[in-house]
Amino acid sequence: MNEPRITVPDVEYNALKQAEPGLPMRWYHDPEQYQLELAQIWQKSWLYVCRASDLAEALAYRTFEIGNQNIVILRDADGILRAFHNACRHRGSILCTEDAGKLKTKLLTCPYHQWSYSCDDGRLVRISSFAEPDGFSKADYGLFPVALHEWRGCIFIHLDNDAQFDERQVFGRPTSLLANWPLEQMVEGDSWTHVIDCNWKTWWENFGECLHCPGVHPELVELVPLYGRRIISPMDLPDWTEHEHDDDPKYKGGLREGGETWSTDGSAQGHVIPSLTGEDLARGQTYCTALPSVFMVGYADHFRIVRVRPMGPEKTELSVGWYFLPETLNAVDYDKTNVTDFARLVIGQDADACALNQKGLHAAPLERGVLMPEEWVLKLFHDWVRKHLD
């Protein structure tokens, strides 16, 4: 999303000039609206699935479900990543029934009637009938391919096999701020899946504002003082120029004095990623978002990826992965729980707030909410949703 600028006398700042109407509340719980968003947004966007290292071996596979579409992502015998609709061309049976695994041979074989397909290109290799009937050709019945792109060790898919991966379009802005994090070399140190009782848009709205931060995240605002002012950027208030040269983190952003990373005690435990610059470290946290399915954050000692997946009109799954340099993860003087416990705390607080928010969206007189000046990112998000539905 591109940051808006609203001009007032000789000053630019991030904010909404006026109260803006939110999306219709029905959109957050209506089953028909949910199906429309699956079709128009989720099934027409590049979606983050997993890390390429999760499919490190030849013939390893993972399945991914979005709405009623089930996809199998695999690494073929030559080490090339592939993706197909996980459906047999005979009568539609699922091919791979597990969330993850490894094929026993180079063939994807249907467990129902044993039609078999090459994992290299999805072509139909053999059928179980005693003969091929007139007018039937195996060449016409290969698996339906799905577009796949590997970006810095991260696997994205698009259900339109002709879709082209445009980094600027997928992420909404350049990803150059992440250039110094060695993502390709970092390994998973922990993972966590958490299901929230809220619509997927409710989660993204919470992600895009900090009006809630002082009341919901006392530990986080102590670490990131700017968030205690209910804003996400120093330029979110019209008087920001008065503190433009103030080094206090509550005005300039970044972590509290002495803070190094997002962890329980704010310490990186002596394991700052060597390739990071002073500017990288000064930011405290560097975000990169690819709507609608993922946000990534770089910190001084680790990297975090959070995959968002809708599970129903009022249920959303978060899959969180923490990534470290191998030498950091294996160091005897480094405790990864200092990082993971803090993130679990913050995400859990957000999850509780989102579930609380979701419960009130059914109020009969409540047709839509309203966006306040600091919620300019939500306005961008709402415009993005409307654009896709149009």
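For the structure, see preceding data.
Now for a description of the structure that goes with this document. The structure presented is a predicted model; accordingly, all values stated were derived computationally and were not measured.

## Observations regarding the overall build of the protein chain
So, point 1. Of regular secondary structure, the protein chain possesses 10 helices and 19 strands.
So, point 2. Whereas a compact globule of 390 residues would reach a radius of gyration of roughly 21 Å, the protein chain reaches 23 Å, a difference of no more than 12%.
So, point 3. Along the three orthogonal principal directions, the C-alpha set of the protein chain runs to about 80 × 60 × 35 Å.
So, point 4. Here the protein chain, with 390 residues, has 51% of them falling under the buried criterion.
So, point 5. Residue pairs in contact within the protein chain that sit at least 24 positions apart in sequence constitute 65% of those at least 6 positions apart.
So, point 6. When the accessible surface of the protein chain is totalled, it reaches about 18300 Å², and 49% of it is carbon and sulfur.
So, point 7. Separation of charge centres in the protein chain, based on 37 positive and 58 negative side chains, amounts to 6 Å.

## Re the pairing of strand β18 (residues 315–324)
So, point 1. Counting buried positions along β18 yields nine of 10 residues, so the element is predominantly enclosed.
So, point 2. Two elements, strand β14 (residues 187–196) and β18, share nine bridges in a ladder whose sense is antiparallel. Its bridge partner being in β18, H194 is matched across the sheet by L318.
So, point 3. Examined bridge by bridge, strand β17 (residues 303–312) and β18 share nine bridges and lie antiparallel to one another. Looking at the pairing, R309 lines up with E317 of β18.
So, point 4. Count of turn residues in the β17/β18 antiparallel hairpin: two residues.

## Notes on the sheet that holds strand β12 (residues 147–151)
So, point 1. Pairing is antiparallel across the open sheet formed by three strands, whose spatial order is β4-β13-β12. Looking at strand neighbours, the two that pair on one side only are β4 (47–51) and β12, the edges of this open sheet. The mean angle between the axes of side-by-side strands here comes to 30°, regardless of whether they run parallel or antiparallel.
So, point 2. Pairing analysis gives five bridges linking β12 to strand β13 (residues 154–158), with the strands arranged antiparallel. When the bridges of β13 are listed, H149 appears paired with F156.

## Quick notes on the layout of surface pockets
So, point 1. In this structure, the second largest pocket spans a volume of roughly 630 Å³.
So, point 2. Those elements giving two or more residues to the lining of the second largest pocket turn out to be β4, β5 (60–66), β14, β17 and β18.
So, point 3. Among the elements that take part in the lining of the second largest pocket, β18 stands out by supplying five residues, more than any other.
So, point 4. Among the residues forming the lining of the second largest pocket, the class breakdown is 12 nonpolar, eight polar and nine charged.

Reading the values: the criteria
- Residues numbered from 1 in each chain as written.
- Predicted model: local features only at pLDDT ≥ 70, side-chain atom pairs only at ≥ 80, totals over all residues.
- Heavy atoms only, no water.
- Helix = DSSP H or I, 4+ residues; strand = E, 2+ residues; numbered from the N terminus.
- Rg over C-alpha atoms; globule rule 2.2 N^0.38 Å.
- Buried < 20%, exposed > 50% of the residue type's maximum accessible area, 1.4 Å probe, protein only.
- Contact = heavy atoms within 4.5 Å.
- Areas by Shrake-Rupley, 256 points an atom, 1.4 Å probe, with all protein chains shown as cover.
- Lys, Arg positive; Asp, Glu negative; His and termini not counted.
- Charge placed at Lys NZ, Arg CZ, Asp CG, Glu CD.
- Pairing = 2+ DSSP bridges.
- Axes fitted to C-alpha atoms, helices over the stretch in contact; angles between N-to-C directions.
- 1 Å grid on protein atoms, 1.4 Å probe; cavity = no way out; pocket = protein on both sides within 12 Å on 5 of 7 lines; lining within 4 Å.
- Points joined across faces, edges and corners; volume = space filled by probe spheres on them.
- Nonpolar A, V, L, I, M, F, W, Y, C, P; charged D, E, K, R; others polar.

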